[in-house]
Amino acid sequence: MGWNSWNAFSCAVTEEDIRSAADRLVETGLRDAGYEYLVVDDCWMDDELDDGYLRPHPEDFPSGIEALAEYVHDRDLKFGIYSSAGRVTCQGYPASLGHERKHARQFADWGVDYLKYDNCGDHEGKDALARYSAMGKALAKVDRDIVYSICEWGRNEPWRWGRNAGGHLWRATHDIVAKWSTEDTEFGLGIADIIDQMDDRDIAPSHGPGGWNDPDMLQIGNGPDSGQSKLEDVTVERGLTPAEERTHFSFWCLFAAPLMAGNDLVEMDDRTLALLTNEDAVAINQDPLGIQGTRDGRLGETEVWSKRLTDGRCAVILFNRGRTPATIETTVETVDMSVDAATYTVEDVWEDDEWQTSGTLHATVDPHDVALFRVSPE
Ligand code: GLA
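Definitions and cut-offs
- Residues numbered from 1 in each chain as written.
- Predicted model: local features only at pLDDT ≥ 70, side-chain atom pairs only at ≥ 80, totals over all residues.
- Heavy atoms only, no water.
- Pairing = 2+ DSSP bridges.
- Helix = DSSP H or I, 4+ residues; strand = E, 2+ residues; numbered from the N terminus.
- Contact = heavy atoms within 4.5 Å.
- Axes fitted to C-alpha atoms, helices over the stretch in contact; angles between N-to-C directions.
- Buried < 20%, exposed > 50% of the residue type's maximum accessible area, 1.4 Å probe, protein only.
- Polar contact = N/O pair within 3.5 Å; in protein donor to acceptor, adjacent residues only side chain to side chain.
- Phe/Tyr/Trp six-rings, centres within 6.5 Å; stacked < 30°, edge-to-face > 60°.
- Domains from an automatic or database assignment.
- Buried area = accessible area lost by both parts, 1.4 Å probe.
- Salt bridge = Lys/Arg side-chain N within 4 Å of Asp/Glu carboxyl O.
- Patch = residues over 30% accessible without salt bridge, like charges linked within 9 Å, V, L, I, M, F, W, Y side chains within 5 Å.
- Areas by Shrake-Rupley, 256 points an atom, 1.4 Å probe, with all protein chains shown as cover.
- Lys, Arg positive; Asp, Glu negative; His and termini not counted.
- Charge placed at Lys NZ, Arg CZ, Asp CG, Glu CD.
- Disulfide = S-S within 2.5 Å.

Caption draft 1: Seen up close, the sheet that holds strand 3 (residues 78-84). One open sheet accounts for eight strands, arranged 7-6-5-4-3-2-1-8; its pairing is parallel. Two strands close off the open sheet at either side, each with one partner strand: strand 7 (212-214) and strand 8 (260-261). Of the pairings in the sheet, the one linking strand 6 (residues 169-171) to strand 7 comprises three bridges and is parallel in character. Note that in strand 7 the partner of W170 across the bridge is N213. Against the sheet, helix 4 (residues 65-73) touches strand 2 (37-39) and strand 3, its axis set at about 145° to strand 3. Each of strand 4 (114-118) and strand 5 (147-150) touches helix 6 (residues 128-141); the most contacted strand, strand 4, lies at about 165° to it.

Now the structure itself:
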């Protein structure tokens, strides 16, 4: 769990934005809710390498990365940074292909705790496994624990080789944008598109402690232009409704996905904070079994999804993709409930309500919304 600069600041990010984000993670209670890693995405570096080494951008990051990492660590947060397994980053800055050992040592010396490693720039004819393993090996050699986040957008099925390359998480899907769904002609993927891909790709079996499928960062609290590359010429007309944001967060919790907030923490409203810090939803996300929930069934535009939890419990999503409210019903036999009981307690996470059932689970769900239940055998 953490926060990443890309969706809110894209290429305009400065060290001041990162300092404010660190302060806000503490002041708002996000850090204490679990959002621990603060990651600077693309565009922190200067235009040229220096003898093969990366240099921070002199105007945007004048104090340097080591000082920034220290500022972040002083607030009991972890510090993350970005590079790419190509000659340049997605925004055209120098990257790490061919300089893996030098850069890994630099990151360790600076106090970096997390590396997001992208897929842009000339690959010099090397395949993904070779490029990502080279950085994985370089990180393993340094005297510092660095979480290795592989970001090749699910292109080369990283769920098959990500662990072997030294990765701890890997993007399973293309870039997220703050929309419900996108057309083929638009940049990125909407929430509903990613939900579909996470299930269609059948990747849940490779997900678990130490190696996570990553459906990309959270777009909660973001306007419709967020997460757009400065190099993409796109017009985005719609963001997410409150129901769609709830659906987004509920699914990322059901997927046991990395939760990287991506909103401007200085401008954050109460609704966004309440969503990101809902204790029951975060507990479902952080459940120690680390299982990625999957789809149990579909009827018209309604769907049932579930995820097995510790202590014989189960998280259930009743999802309405349609444009009118729908009553959705399932049973404990249909969802991934490991324990039989005469009675089950159902906790409704978003309605903050609780009741008992002998096996039927149902709710009336608004368009593009979900009901999120935690079901416990008695
Ligand atoms: C790619 C990544 C994004 C972001 C941008 C930065 O598109 O998938 O998450 O890091 O690059 O340029």
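After that view, the rundown keeps rolling.
Caption draft 2: The arrangement of the pairing of strand 12 (residues 326-331) in detail. A one-sided burial pattern is seen for strand 12, the buried positions being A326, I328 and T330 and the unburied ones T327, E329 and T331. Here strand 12 pairs with strand 15 (residues 360-365) via six bridges, running antiparallel. Bridge assignment links A326 to a residue of strand 15, and that residue is V365.

Caption draft 3: Highlighting the side chain of D369. By secondary structure assignment, the location of D369 is in the loop between strand 15 and strand 16 (370-377). At 2.7 Å, the side chain of D369 and the side chain of R246 are in polar contact. With residues up to four places along the chain from it excluded, the contact list for D369 reads A243, R246, T247, L318, F319 and N320.

Caption draft 4: Summary view of the packing of aromatic side chains. By the definition in use, this model includes 14 aromatic pairs. Between the aromatic rings of Y117 and Y148, the centroid separation amounts to 6.1 Å while the plane-to-plane angle is 50°, which identifies the pairing as tilted. Of this pair, Y117 sits in strand 4 while Y148 sits in strand 5, placing them 31 residues apart in sequence. The same class applies to Y117 and to Y148, which are both buried. An aromatic cluster of at least three residues, connected via ring pairs, comprises W180, F251, W252, F255, W305 and F319.

Caption draft 5: Spotlight on the domain arrangement of the protein. On domain assignment, one finds that the protein holds domain 1 (2-285) and domain 2 (294-377). Each of domain 1 and domain 2 has a C-alpha centre, and these two points are 31 Å apart. With 24 residues of domain 1 in contact, the opposing surface of domain 2 contributes 19 residues. Around 2,000 Å² of area is buried between domain 1 and domain 2 when both sides are counted, 65% of it from carbon and sulfur atoms. On the domain 1 side of the interface with domain 2, the three residues burying the most area are D199, L254 and I284, jointly 31% of the side's total. Applying the counting rule to domain 1 against domain 2 returns seven salt bridges. Notably, a salt bridge pairs R295 with D196, separated by 3.7 Å at the nearest N-O pair. Along the contact surface separating domain 1 from domain 2 lie eight residue pairs in polar contact (both at pLDDT 80 or more).

Caption draft 6: How the structure looks around a positive patch on the surface. On the surface, R101, R105, K137 and K141 cluster together to form a positively charged patch. Counting only elements with at least two residues in the positive patch, the list comes to helix 5 (100-110) and helix 6.

Caption draft 7: Quick look at the state of the cysteines. Scanning the entire structure with this criterion turns up two disulfides. The disulfide partner of C11 is C43, and the gap between their sulfur atoms is 1.9 Å. Residues C11 and C43 share a disulfide whose torsion about the S-S bond is about -95°; that sign makes it left-handed. On the criterion of sequence distance, the pair formed by C11 in the loop between helix 1 (6-9) and helix 2 (15-27) and C43 in the loop between strand 2 and helix 4 is long-range, its members being 32 residues apart. On the basis of relative accessible area, C11 is assigned to the buried category, the value being 14%. Bridging C90 to C120, the disulfide has an S-S length of 2.0 Å. On the sign convention where negative means left-handed, the S-S torsion of about 90° between C90 and C120 marks this disulfide as right-handed. Here C90 is found in the loop between strand 3 and helix 5, whereas its partner C120 is found in the loop between strand 4 and helix 6, with 30 residues between them in sequence. Once the bonded cysteines of the protein are numbered in order along the sequence, the disulfide links fall as 1-2, 3-4.

Caption draft 8: Structural detail: unusual backbone geometry. Look at C43: it is not a glycine, yet its phi comes out positive at around 85°. Looking at C43, the relative accessible area reads 1%, which means it is buried. In this model, D216 sits at a positive phi of 85°, which is unusual for a non-glycine residue. Examined against the element boundaries, D216 turns out to sit in the loop between strand 7 and helix 9 (242-254).

Caption draft 9: Up close: the environment of I220. Relative to the elements of secondary structure, I220 occurs in the loop between strand 7 and helix 9. Classification of I220 by relative accessible area gives buried; the value is 1%. Spatially, the C-alpha atom of I220 lies 26 Å from that of G167, the residues being 53 residues apart in sequence. Beyond its immediate chain neighbours, meaning those up to four positions away, I220 contacts E245, H248, F249, N263, T272, L275 and L276.

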